[in-house]
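Now for the letters of each chain:
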Amino acid sequence: MDVLRADDIRKSFKISGKVSLEVLKGVSLSVASGEKVAILGRSGSGKSTLLHILGGLLKASSGQLAVSGNVGFVFQAYHLMPELTVLENVLLPTMARRMCKASARANALRLLKEVGLAERLEHLPGELSGGERQRVAIARALVTNPDIVLADEPTGNLDVMTGSGILGMLSTLKDASCALVMVTHSQDAANICDRTFVLEDGVLRAKEQ
Ligand SMILES: Nc1ncnc2c1ncn2[C@@H]1O[C@H](COP(=O)(O)OP(=O)(O)O)[C@@H](O)[C@H]1O
Ligand SMILES: [Mg+2]
């Protein structure tokens, strides 16, 4: 069963109200339950734009999108709430979804321990390094037990050791039948995925692994 299906997605941006920049020129992608997909591509090729559209955070200019189930999103720029602690940030999506408080908290604490932040629960985002903020963002994306995680360069600001720990975590998502679409520049990250695509000239091309 497909957890995500995108068909002929196109996206143009109007620059200063006149010139139109066509970033996505007909992207189609189906992701099966539990499947992991890596998307590579040069800076500015439209990877974040595509991921935001797949996550319902940005409207496509045209095309069809069907997503079934619960989506977790890891933003390239983290988007943590500056006035909330690490633990509160991770718990935030569980509140919107009315998850049971005790199991949400247990889940959040387990994930924060897994990403190596058990000692940072009461810190504010401004008191963390970039890599630590990124790990909070990953824990927050996973806390609702999503059916699919959309991750925008989730290891982009991590050193090799921390990055491989995070990849290990993301690769175990498969056992929980959670799908993953990950934008990355890292071959190691692509290697944990079942399929790899390159976003180039506005379309996705399958890449030999
Ligand atoms: N809101 C926007 N308005 C106008 N242009 C945009 C907007 N968002 C992205 N772009 C342009 O779309 C292109 C793709 O951006 P992005 O998806 O962030 O690329 P990537 O994540 O692959 O680096 C870039 O050329 C960028 O300037
Ligand atoms: Mg990007």
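Predicted, not measured: the structure shown is a model, and the values here were computed from it. (Residues numbered from 1 in each chain as written. Chains lettered and ligands numbered in written order. Predicted model: local features only at pLDDT ≥ 70, side-chain atom pairs only at ≥ 80, totals over all residues.)

Asker: Which parts of the structure should I look at to understand the sheet that holds strand 4 (residues 62-67)?
Answerer: With antiparallel pairing, the three strands of this open sheet are ordered in space as 2-1-4. Lying at the two open borders of the sheet, with one neighbouring strand each, are strand 2 (19-32) and strand 4. Going across the sheet, the axis of each strand differs from the next one's by a mean of 20°, ignoring polarity. In the sheet, strand 1 (residues 2-15) pairs with strand 2 via eleven bridges, with the strands oriented antiparallel. The residue bridging Leu-4 from the neighbouring strand is Val-31, located in strand 2. Here helix 1 (residues 47-54) sits on the sheet in contact with strand 1, strand 2 and strand 4, set at roughly 125° to strand 1. (Pairing = 2+ DSSP bridges. Helix = DSSP H or I, 4+ residues; strand = E, 2+ residues; numbered from the N terminus. Axes fitted to C-alpha atoms, helices over the stretch in contact; angles between N-to-C directions. Contact = placed C-beta atoms within 7 Å.)

Asker: Would you take a moment to explain the sheet that holds strand 9 (residues 203-207) for this structure?
Answerer: Across a sheet, strands are paired by hydrogen bonds formed along the backbone, either parallel or antiparallel in direction. Spatially, six strands are ordered 5-6-7-3-8-9 in an open sheet, and the strand pairing comes out mixed. Looking at the sheet topology across the chains shown, the edges are occupied by strand 5 (71-74) and strand 9. Across the sheet, the axes of successive neighbouring strands diverge by a mean angle of 20°, strand direction being ignored. Here strand 6 (residues 148-152) runs beside strand 7 (residues 179-183); their pairing, made up of five bridges, is parallel. Considered in strand 7, the bridge of Val-149 is made with Leu-180. Packing of helix 4 (residues 130-142) onto the sheet brings it into contact with strand 5 and strand 6, and relative to strand 5 it is tilted by some 175°.

Asker: Would you explain the packing of helix 2 (residues 86-96) against helix 4 in this entry?
Answerer: Angle between the axes and distance between the axes: these two values describe a pair of packed helices. Relative to each other, helix 2 and helix 4 sit at 30°, their axes nearing to 7 Å. Taken together, helix 2 and helix 4 sit at an angle that is classed as roughly parallel. Helix-helix and strand crossings are classified by hand; for helix 2 and helix 4 the assignment is right-handed. Each of Val-86, Asn-89, Val-90, Leu-92 and Pro-93 in helix 2 lies in contact with helix 4, whose residues at this interface are Val-136, Ala-139 and Arg-140. When the residues that make up the contact of helix 2 with helix 4 are grouped by side-chain class, the tally is six nonpolar, one polar and one charged. (Parallel < 35°, antiparallel > 145°, perpendicular 65-115°, else oblique. Left-handed = near helix turned anticlockwise from the far one by under 90°. Nonpolar A, V, L, I, M, F, W, Y, C, P; charged D, E, K, R; others polar.)

Asker: Explain the pairing of strand 4 to me, please; I cannot follow it from the model alone.
Answerer: Every regular strand shows the same layout, with side chains that alternate between the two sheet faces. Sparse coverage of strand 4 is indicated by the burial of zero of its six residues. Taken together, the five bridges between strand 1 and strand 4 define a ladder with antiparallel strand orientation. Bridge pairing in strand 4 links Arg-10 to Ser-62. (Buried ≥ 20, exposed ≤ 12 C-beta atoms within 10 Å, placed from the backbone.)

Asker: I tried to follow helix 2 on my own but got confused; where do I start?
Answerer: Residues that lie three or four places apart on an α-helix share one face, since the helix turns once every 3.6 residues. Looking only at helix 2, the buried set comprises Val-86, Asn-89, Val-90, Leu-91, Pro-93 and Thr-94. Looking at the buried positions of helix 2, the neighbouring elements they touch are helix 3 (101-114) and helix 4. Note on helix 2: the residue one or two positions beyond its end, Arg-98, has a positive phi of about 55°.

Asker: Help me understand the packing of helix 2 against helix 3, please; the structure alone is not making it clear to me.
Answerer: Here helix 2 crosses helix 3 at 130°, and the two axes come no closer than 10 Å. The angle between helix 2 and helix 3 places the two elements in the oblique class. For helix 2 against helix 3, the interelement crossing comes out right-handed. Across the interface between the two elements, Val-86, Leu-87, Val-90, Leu-91 and Thr-94 of helix 2 pack against Ala-104, Arg-105, Ala-108, Leu-111 and Leu-112 of helix 3.

Asker: Would you mind showing me how to read unusual backbone geometry here?
Answerer: Of all residues except glycine, most have a negative phi; of all peptide bonds, most are trans. Despite not being glycine, His-79 has its phi angle at roughly 55°, a positive value. Residue placement: His-79 occurs in the loop between strand 5 and helix 2. The phi torsion at Arg-98 lies on the positive side, around 55°, for a residue other than glycine. Within the element layout of this structure, Arg-98 appears in the loop between helix 2 and helix 3. The exposure class of Arg-98 is exposed, given the 8 C-beta atoms found within 10 Å.

Asker: Please explain the site of ligand 1 as it appears in this structure.
Answerer: Around ligand 1, the neighbouring residues are Phe-13, Ile-15, Leu-21, Val-23, Gly-41, Ser-43, Gly-44, Ser-45, Gly-46, Lys-47, Ser-48 and Thr-49. Secondary-structure elements contributing two or more residues to the shell around ligand 1 are strand 1, strand 2 and helix 1. When its residues are assigned to classes, the shell around ligand 1 shows four nonpolar, seven polar and one charged. (Near = placed C-beta within 6 Å.)

That is the geometry; function is a separate question.
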